[in-house]
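Structural overview for review
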Amino acid sequence: MSAPTARKVSEREARQVAEEAREQDWRKPSFAKELFLGRFRLDLIHPHPTGAAEDVRRGEAFLAKLRDFLVEEVDGARIEREARIPDEVVAGLKRIGALGMKIDTRYGGLGLTQVYYNKALALAGSASPAIGALLSAHQSIGVPQPLKMFGTQEQKDAFLPRCATTAISAFLLTEPDVGSDPARLATTAVRDGDSYVLDGVKLWTTNGVVADLLVVMARVPKSEGAKGGITAFVVEADSPGITVENRNAFMGLRGIENGVTRFHQVRVPAANRVGPEGAGLKIALTTLNTGRLSLPAMCAGAGKWCLKIAREWSAAREQWGRPIARHEAVGSKIAFIAATTFALEAVLDLSSQMADEDRNDIRIEAALAKLYGSEMAWKMADELVQIRGGRGFETADSLAARGEKPVPTEQMLRDLRINRIFEGSTEIMHLLIAREAVDAHLSVAGDLIDPDKSLGDKARAGAKAGGFYARWLPKLVAGPGQVPTSYSEFGPLATHLRYVERGARRLARSTFYAMSRWQGRMETKQGFLGRIVDIGAELFAMSAACVRAQMLAGAGTGGADGVAARQLADTFCRQARIRVEELFDRLWTNTDTEDGALVEAVMAGRMRWLEEGIVDPSGEGPWIADATPGPATKPDVHRTIR
């Protein structure tokens, strides 16, 4: 049975598949969604939610155990040199229960909250980002989370105890010619009695090289009485017909076990199907709503490390008679790292606490945390390289060889770069968040801009939209942000919250104006949508930073902590406000049109003369590897860690 490497689909079909996979309803309030609609719902995040005492006790106890293990048994430099996590380290992680951090205690897991799971990932990732990736892929998107949310009791009983103690899991969605466009998914699962038969190739299977259990997304053909569609399966990694054909190597995260997995006539019991046929993509996206928080957790941890190294190095290194930290050009970079690290932790902790409370819909908050965390962590690492100068570009081994402290600054930069691509690239996150942010508008006015809708549909949509906007637009004119005494309980931070409230209304007005101007072409204005989302991300981070600082100031942890927290929040908000104003200006003053015209010329070949005068060191081969289903032709590099 053969099939093309990827299905040919129209742009409309691709959008339809993505739309059907979305959670359509908003059954719980969302702070970020309200923010994009111009409503600053401070009551949804303040007072800052806190964890139960027993959850805190269990979480802190595990963090102490994990810290001891990382210090005593993990050599991050060895993992970097050998490009592999030693088997004994993985065995040790299993021994202390790290595989089961998010799995309920009834299945042998630790039952940690999202807050402490994220703290553990930040801690583990600071010792070795590859370990953080291993644990995150296993629990955030691997078998445990989909089963927790969508699995049957029988599936939970069968697989969760294994995942909590011994079995490493992986998530398989991407294919050689299928990334963020799942409508083209080519891997198939054909029903055959009490089983499905899987055929296809999966790419970038994080943990796939060492996994015992796989979550596989495959397309079930539509048939009489069967809906078909993209469907999720739990698959035993040692099933006949599965071959790990390659262990991939990357510029960073060198210890990650990421590969290419081929399925050839692999039989999977129907009992291993997660959810109904056709629900696979929705399961994947829903799983990622909280699963995405693992990446900003490690980004926040990276920020802490960048701050530590920047502080220590800038005190030791002198130029022109004083420590480099005392020179404004370097000091401003340290201030950026410190303020941004505080904000990243604030965004992460707030989003995680809301996930634990389960009283808010956090799909936008988690996506913003991933987007903002990955972008800002990369900038902080880049600034640290600049602060370290030539030593920032030099490897830790080279530094040690000539007698200096082996600081892996360049490794941090390489390791962090993938976070802007993992689990939704920055560009895809912009579009995903923008779609959710304008959901209310599309709900009432979507038919007006849909070319396929009839005149009657458009008339009804017009009446519905008229009522909505008659109530909504007047509320965007004035608000508490224009009242000097608003949010006075926040003291000196109140001015920033008033700015956020004004900014939210301005953001909503800008979105409405753009929809009125471009209507059905709005989805093509990706530059504009990206800036809208970036403004929302900054406003969300400002809100989180102020609320966290207020909590710390009143937590009785010592006056210095409260004063320092407010100073960090104040400085961050001042930096963020400058970025927000630049983004607002660029909504309407930009080169988007000119960029588009230039791209057309480049792609038409009219600029090829500009490429002359070089040699291309790239080797021969296709841009995208062939993924035609069939038996493996390469040796199996899968290995089991016991």
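Rules behind the numbers
Sequence positions are assigned chain by chain, starting from 1 and proceeding in written order. With the structure being a predicted model, the display of local features is reserved for residues of pLDDT at least 70 and the display and counting of side-chain atom pairs for 80 or more, all residues being used for whole-chain, interface and lining totals. Hydrogen atoms and water are omitted, and side-chain values are computed over all heavy atoms in the structure. Residues belong to one nonpolar core when they are buried, are Ala, Val, Leu, Ile, Met, Phe, Trp, Tyr or Cys, and are joined through side-chain atoms within 4.5 Å. The cut-offs for exposure are 20% and 50% of the maximum accessible area for each residue type, with area from a 1.4 Å probe on protein chains only; residues under the lower value are buried, those over the upper are exposed, and the others partly exposed. Put simply, DSSP H or I for four residues or longer makes a helix, DSSP E for two residues or longer makes a strand, and each gets a number counted from the N terminus. Here a patch means residues that are over 30% exposed by relative accessible area and free of salt bridges, tied together within 9 Å if like-charged and within 5 Å if nonpolar (Val, Leu, Ile, Met, Phe, Trp, Tyr). Only the protein chains shown count as cover for residues, and all accessible areas are computed by the Shrake-Rupley method using a 1.4 Å probe. By salt bridge we mean one thing: a side-chain nitrogen of Lys or Arg within 4 Å of a carboxyl oxygen of Asp or Glu. Interaxial angle, 0 to 180 degrees, is taken between N-to-C directions of lines fitted to C-alpha atoms, where a helix line uses only the stretch in contact. For this classification, under 35 degrees means roughly parallel, over 145 means roughly antiparallel, 65 to 115 means roughly perpendicular, and everything else is oblique. For any pair of crossing helices, the crossing counts as left-handed if the nearer helix is rotated counterclockwise from the farther one by less than a right angle, and right-handed if it is rotated clockwise. In what follows, residue pairs with any heavy atoms lying within 4.5 Å of each other are defined as contacts. Each residue is assigned to one class: nonpolar for Ala, Val, Leu, Ile, Met, Phe, Trp, Tyr, Cys and Pro, charged for Asp, Glu, Lys and Arg, and polar for all the others, Gly among them. What pLDDT reports is the predictor's confidence in each residue, on a scale of 0 through 100. Between N or O atoms, a polar contact is any pair within 3.5 Å; within protein, one atom must be a potential hydrogen donor and the other a potential acceptor, and residues adjacent in sequence are included only when both atoms are from side chains. Here is the rule: rings of Phe, Tyr and Trp (six-membered ring for Trp) pair when centre to centre is within 6.5 Å. Planes less than 30 degrees apart are stacked, more than 60 are edge-to-face, and the remainder are tilted. Our definition puts a charge over a ring when NZ of Lys or CZ of Arg is within 6 Å of the ring centre and also within 35 degrees of the ring normal.

Next up on the list: the nonpolar core. Core analysis: the largest hydrophobic core is formed by 128 residues, its most contacted members being Ile131, Leu135, Leu368, Leu539 and Phe572. Ranked by the residues each element gives to this core, the list is headed by helix H21 (residues 526-553), at 15 residues. If you look at the next biggest cluster of nonpolar residues, it comprises 26 residues, including Val143, Leu147, Leu160 and Val274.

With that out of the way, let us pick up a nonpolar patch on the surface. Together, Leu598, Val599, Val602 and Met603 line one region of the surface with nonpolar side chains, adding up to about 390 Å² of accessible area. Its location among the elements puts Met603 in helix H23 (residues 592-603).

One can describe the packing of helix H5 (residues 87-95) onto helix H7 (residues 129-141) by two numbers: an axis separation of 12 Å at closest approach and a directional angle of 50°. In terms of axis orientation, H5 runs oblique to H7. For the crossing formed where H5 meets H7, the hand is right-handed. Of H7, the residues touching H5 (which contributes Val89, Val90 and Leu93) are Ile131, Leu134 and Leu135. Across the contact of H5 with H7, the residue classes tally to six nonpolar, no polar and no charged.

Below, the discussion takes up the confidence of the model for the protein. Confidence in the prediction of the protein, expressed as mean pLDDT, is 92, and 94% of residues score 70 or more. Averaged pLDDT values for the elements of the protein fall to 65 in helix H1 (residues 11-21) and rise to 98 in strand E7 (residues 258-269).

One can find Arg184 in the loop between strand E1 (169-172) and strand E2 (188-192). Within polar-contact distance, the side chain of Arg184 engages the backbone oxygen of Asp177 at 2.5 Å.

All chains considered together, the criterion is met by 13 aromatic pairs. For the pair Phe468 and Tyr469, a centre-to-centre distance of 4.9 Å together with 75° between the ring planes defines the contact as edge-to-face. Since its relative accessible area comes to 16%, Phe468 is described here as buried. Their ring planes at 70° and their centres at 6.1 Å tell us that Trp472 and Phe512 sit as a pair that is edge-to-face. Of this pair, Trp472 sits in helix H19 (residues 455-472) while Phe512 sits in helix H20 (residues 494-518), and the two are 40 residues apart along the sequence. By way of ring pairs, the aromatic residues Phe31, Phe40, Tyr487 and Phe540 are connected into one cluster. A cation over an aromatic ring shows up here: Arg388 above the ring of Trp313, its NZ or CZ 4.7 Å from the ring centre. A cation over a ring is seen here: Arg417 above Trp378, with NZ or CZ 5.4 Å from the ring centre.

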